Amino acid sequence: MRAGLLRVSLPIAALTALTPYAILRAAEAELADRLNSAIVEYGGIETEVGTFVTRSDAAWGEAGASRIVRLDPDSGEEHTPSFAAPEFSDSDPFYDGVRRRLCFVSTRPVNDRNEENEPGDIWCSERSEGEWATPQRLPFPVNSPAREYSPVFDLSGTLYFASDREGGLGQGDIYVSRQSASGDWRTENMGPAINTAHGEWNVGVNPAGTTMVVEASSRPENRTIPGDLYFSELVDGRWTDVVPLSALNSDYSDLMTRWIDDEHIVFASARAGRGDVDHFVSHESEWRPVAPTLSIVSRSRGEVVLLDPDTLTERRRIALGAGPHELAVSLDGRVAVAPLLGIFPEPHEEPASARPPFIEQPSDGITVVDLASGAAKTAPLHDCLRPHGAATDAQGTRFWVTCESEGAIVELDSAAWRETRRFPVSIGVHKVHFDQARKALFASNPETGTFHKIDLDAGELSTVHTGPGAEGFVVSDDGQTAWVGNSQAPSVCKIDTGRMETLWCTDTGGSFPIAVALAAGQEELWVSRLFSSDIAVLSADSGRHIGDISLPTGALDLEPDAHGKLMYAALPRHNAVVAIDVDTRSVVATFEDAMEGDDLDLIR
């Protein structure tokens, strides 16, 4: 198991004060491992009368009846709770401690004919005077003719659950439901920030109702098709787009998150690989995504500087090694990879008016860093003298690094720290980008004036000549189009990435167009003309010149913000980063302590 994850043993109420939302506490003690048995179990919750957990005798992924069992808080003995219907399937228990009710999913009959309700509905049993009341099925629109999953409540009484009912966005979606004073329920789909055309099957919410972890299947970003855990939080009244939790997800099913308290979660996982499912617990510092952050790589100091994207105020610095130029970051910011080129400008504290001398050192390989904790590890790269560009998949499980001297892109397994594949491209291959949806790599080579695509499934290389100095490029969100800046032409070309054909090339004017970025809803193409100390704004569709933006010095990289309002620019000669208002074309914020800054990345 990963560092920071503890396999849960017998829950010990005596070791911790029980709160209404206490769940399973990890305890390092020599006690019988009753909760995690040799069969499938998930969704453990703790109450004042014991721990309830779903168990199934069928192997994980196989059809079979499930049951909810109660573990005695003193002896740990297993009991069938009084609300159970043993001839039917019960699962997904959750204890609403404020209202003293246990809710769960059951296939028990909904009519007098004693016929199994195969899809399964949400039922609740209230606790009063030491007894569980007869379970009551929640009404429509909570329950539907389809199946409901994983009911959970926050402290306010808001209900969150999953359902594969008609009208959703995908195979299964997450819903939120609130009960009025009159007892009526209002149920809403949580929308595209949480749900997709794939499957969202269960949900966990913290007591305050501000943080959510969802299990999703079949997404392109998943490590495993059956299910990965994804994170969202409530910001200014809106749930953020979910991102995968790279620190928790494994190569097996991960699911059913429950909060122990405000900082600890317990979740179920099949990672043991035995066909069963066990519980694991983790502190949020081990898995919570990095807050929205702008990163800038300082070549001359050998570090990455993390900035607040709204104000450009500094948050922290993390040492990387000698001569990093680029950084590739997982969607949650917990895994970042920096190749160490070993070549960097001579340090200068004051702004430089000319290109400083460059220092050359042997490369130390690559550094992988957790941008949340600052933990870093450096390892050598074999047969890669000058590693420059980097890319990573959504969860940091695979890295790709350009080896300029060898003319290759190497693929690395992040868990084993070993090379898994090597793709010959051409001497001087410089930058690389991973397209998750197309399962393809895109790369540029200024020495050969070429733009490349590698189909990762087929291992096939496609190449198009764009112009001398092909370096900076950007790929559209749908992966169908790329724009490549040719610094020595000077020009920019628009590429159909499906056919790998040039749609058009246009003269950018100015000198040395080195970086390109999309702005204004991907309708504008911003091109940094390094030696002209300005930015040319073009139509992304036609290449038509729209305008120019003057800068105090040349920009080496451009990066748009998450809202389409700002464009960030790295100004290496001034050791600065500026934020430019996309509408007014004016600089609205400046950071002046990123020595010889190069690659910019926005962690959303």
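Draft legend 1. The arrangement of the overall build of the protein chain in detail. For the protein chain, the helix and strand inventory stands at zero helices and 52 strands. The principal-axis extents of the C-alpha atoms in the protein chain amount to approximately 80 × 50 × 45 Å. Looking at the protein chain as a whole, 59% of its 604 residues are labelled buried. If you take every contact in the protein chain between residues at least 6 apart in sequence, the share linking residues at least 24 apart comes to 45%. When the accessible area of the protein chain is evaluated, it comes to approximately 24200 Å², of which 47% is carbon and sulfur surface. Where the 50 positive side-chain charges of the protein chain centre and where its 93 negative ones centre are 1 Å apart.

Draft legend 2. Fine view of the environment of Arg-67. Tracing the backbone shows Arg-67 in strand E4 (residues 66-71). When the C-alpha positions of Arg-67 and Ser-56 are compared, they lie 6.5 Å apart, and in sequence the two are 11 residues distant.

Draft legend 3. Representation of the pattern of salt bridges within the structure. Applying the stated criterion across every chain yields a total of 32 salt bridges. Where Glu-303 meets Arg-301, a salt bridge forms, and the shortest distance between an N and an O atom there is 3.9 Å. Classification of Arg-301 by relative accessible area gives partly exposed; the value is 31%. One network of salt bridges, with partners in common, ties together Arg-301, Glu-303, Glu-314, Arg-317, Glu-349 and Asp-593.

Draft legend 4. Representation of the packing of aromatic side chains within the structure. Counted according to the given criterion, the structure contains 14 aromatic pairs. Taken together, a centroid distance of 6.3 Å and an interplanar angle of 85° make the contact between Tyr-95 and Trp-132 edge-to-face. Of this pair, Tyr-95 sits in strand E6 (residues 90-96) while Trp-132 sits in strand E9 (residues 131-132), and the two are 37 residues apart along the sequence. Neither residue differs from the other here; Tyr-95 and Trp-132 are each classed as buried. Pairwise contacts between aromatic rings join Phe-52, Phe-83, Tyr-95, Phe-104 and Trp-132 into one cluster. Its guanidinium or amino end placed over the ring of Phe-153, Arg-101 lies 4.4 Å from that ring's centre, counting from NZ or CZ. Its end group placed over the ring of Tyr-175, Arg-165 keeps NZ or CZ at 4.8 Å from the ring centre.

Draft legend 5. A look at the sheet that holds strand E41 (residues 481-486). Here we have four strands laid out as an open sheet, ordered E40-E41-E42-E43, and antiparallel in their pairing. Strands with a single pairing partner mark the edges of an open sheet, and in this sheet they are strand E40 (470-475) and strand E43 (501-507). Here the strands of the sheet are splayed against their neighbours by 20° on average, with no regard to which way each runs. The pairing of E40 with E41 spans four bridges and is classified as antiparallel. If you follow Val-474 over to E41, its bridge partner there is Trp-483.

Draft legend 6. Broad picture of the state of the cysteines. Across all of its chains, the model carries three disulfides by this definition. A sulfur-sulfur distance of 2.0 Å marks the disulfide that ties Cys-103 to Cys-124. Note on the Cys-103 and Cys-124 pair: the S-S dihedral is about 105°, so by sign convention the disulfide is right-handed. Here Cys-124 lies in strand E8 (residues 121-128) and Cys-103 lies in strand E7 (residues 101-106), a separation of 21 residues in the sequence. Each member of the pair Cys-103 and Cys-124 is classed as buried. In this model, Cys-384 is linked to Cys-403 through a disulfide, with the two sulfur atoms separated by 2.1 Å. Given an S-S torsion of about -105°, the disulfide between Cys-384 and Cys-403 has left-handed geometry. Taken together, the residues Cys-384 in the loop between strand E31 (376-379) and strand E32 (387-392) and Cys-403 in strand E33 (residues 398-403) connect sequence positions 19 residues apart. As far as the burial class goes, Cys-384 and Cys-403 line up, both buried. In the protein chain, the cysteines engaged in disulfides, taken in order along the sequence, are linked 1-2, 3-4, 5-6.

Draft legend 7. Spatial organisation of unusual backbone geometry. Between Phe-140 and Pro-141 the backbone carries a cis peptide bond, its omega angle lying at 15°. Structurally, Pro-141 can be placed in the loop between strand E10 (136-137) and strand E11 (148-153). Residues Ala-489 and Pro-490 are joined by a peptide bond in cis, for which omega reads -10°. On the secondary structure map, Pro-490 appears in the loop between E41 and strand E42 (491-496). Look at Asp-236: it is not a glycine, yet its phi comes out positive at around 55°.

Draft legend 8. Region of interest: the confidence of the model for the protein chain. Per-residue pLDDT for the protein chain has a mean of 90; in total, 92% of the residues score no lower than 70. This stretch, residues 1-36, has a pLDDT under 50; its non-local contacts, to residues over four places away or in other chains, come to 103 contacts.

Draft legend 9. How the structure looks around the environment of Phe-153. Looking at where Phe-153 falls in the secondary structure, it is placed in strand E11. Judged by relative accessible area, which is 0%, Phe-153 ranks as buried. Separated by 124 residues in the primary sequence, Phe-153 and Val-277 place their C-alpha atoms 24 Å from one another.

Conventions and cut-offs
Residues numbered from 1 in each chain as written. Predicted model: local features only at pLDDT ≥ 70, side-chain atom pairs only at ≥ 80, totals over all residues. Heavy atoms only, no water. Helix = DSSP H or I, 4+ residues; strand = E, 2+ residues; numbered from the N terminus. Buried < 20%, exposed > 50% of the residue type's maximum accessible area, 1.4 Å probe, protein only. Contact = heavy atoms within 4.5 Å. Areas by Shrake-Rupley, 256 points an atom, 1.4 Å probe, with all protein chains shown as cover. Lys, Arg positive; Asp, Glu negative; His and termini not counted. Charge placed at Lys NZ, Arg CZ, Asp CG, Glu CD. Salt bridge = Lys/Arg side-chain N within 4 Å of Asp/Glu carboxyl O. Phe/Tyr/Trp six-rings, centres within 6.5 Å; stacked < 30°, edge-to-face > 60°. Lys NZ or Arg CZ within 6 Å of the ring centre and 35° of its normal. Pairing = 2+ DSSP bridges. Axes fitted to C-alpha atoms, helices over the stretch in contact; angles between N-to-C directions. Disulfide = S-S within 2.5 Å. pLDDT = per-residue confidence, 0-100.

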